[in-house]
Amino acid sequence: MPENKNLKQENKYFRTASFYLAVFLLVKGLELVNIDRTNNAQKAQFVFIDSPEREFWLEAFNFAKENSPEVMVDARKFVMAIRMLKDKLYQHKL
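Residues numbered from 1 in each chain as written. Predicted model: local features only at pLDDT ≥ 70, side-chain atom pairs only at ≥ 80, totals over all residues. Heavy atoms only, no water.

> Just to check I follow, could you spell out the overall build of the protein chain for this structure?
Secondary structure assignment for the protein chain yields four helices and three strands. Seen in sequence order, the protein chain has helices and strands lined up from the N terminus as α-β-α-β-β-α-α. For the protein chain, with 94 residues in total, the buried portion stands at 30%. By sequence separation, contacts in the protein chain at least 24 residues apart represent 67% of the contacts at least 6 residues apart. With an accessible surface of roughly 7000 Å², the protein chain has 53% of that area assigned to carbon and sulfur atoms. (Helix = DSSP H or I, 4+ residues; strand = E, 2+ residues; numbered from the N terminus. Buried < 20%, exposed > 50% of the residue type's maximum accessible area, 1.4 Å probe, protein only. Contact = heavy atoms within 4.5 Å. Areas by Shrake-Rupley, 256 points an atom, 1.4 Å probe, with all protein chains shown as cover.)

Next comes the structure, spelled out in structure tokens:
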């Protein structure tokens, strides 16, 4: 029975090792809850609380046409998200 609970708990989260996908998801409003380095100290996984919108944003990020409204973001928010993620990455390395 505990295995089902762990499976449900794991489904609450979305993980990606892609830095720029993580930045995009942050700008689109997904909540970052952790940066996980347990499997590989050199490669981080960004852990987000999953949401129904995440699938749409993931599809748009990977396959939308250039200049598609779904992938357009405020450049300032994008730069701030990059800075924030890099800060968190460097904090975790210490």
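> Got a minute to help me understand the sheet that holds strand S2 (residues 32-36) in this structure?
Strand pairing within a sheet occurs via backbone hydrogen bonds; the two strands may be parallel or antiparallel. Here three strands make up an open sheet; going across it, the order is S1-S3-S2 and the pairing antiparallel. Edge positions in the sheet fall to strand S1 (13-16) and S2, since each of these pairs with one other strand and no more. On average, adjacent strands in this sheet sit at an angle of 25° to one another, irrespective of strand direction. Across four bridges, the pairing between S1 and strand S3 (residues 45-49) is antiparallel. Within S3, the residue paired with Thr 16 across the bridge is Phe 46. Helix H2 (residues 19-27) contacts S1, S2 and S3 of the sheet and is inclined by roughly 25° relative to S3. (Pairing = 2+ DSSP bridges. Axes fitted to C-alpha atoms, helices over the stretch in contact; angles between N-to-C directions.)

> Looking at this model, I keep getting lost on the packing of H2 against helix H3 (residues 52-63). Mind explaining?
When two helices pack together, their arrangement is captured by the angle between the axes and the distance separating the axes. Contact pair H2 / H3: the axes reach a minimum separation of 11 Å and the direction vectors enclose 130°. With respect to H3, the axis of H2 lies oblique. Considering the relative orientation of H2 and H3, their crossing is right-handed. In this structure, H2 contributes Tyr 20, Leu 21, Phe 24 and Leu 25 to the contact, and H3 contributes Arg 54, Trp 57, Leu 58 and Phe 61. Residues of the contact of H2 with H3, tallied by class, amount to seven nonpolar, no polar and one charged. (Parallel < 35°, antiparallel > 145°, perpendicular 65-115°, else oblique. Left-handed = near helix turned anticlockwise from the far one by under 90°. Nonpolar A, V, L, I, M, F, W, Y, C, P; charged D, E, K, R; others polar.)

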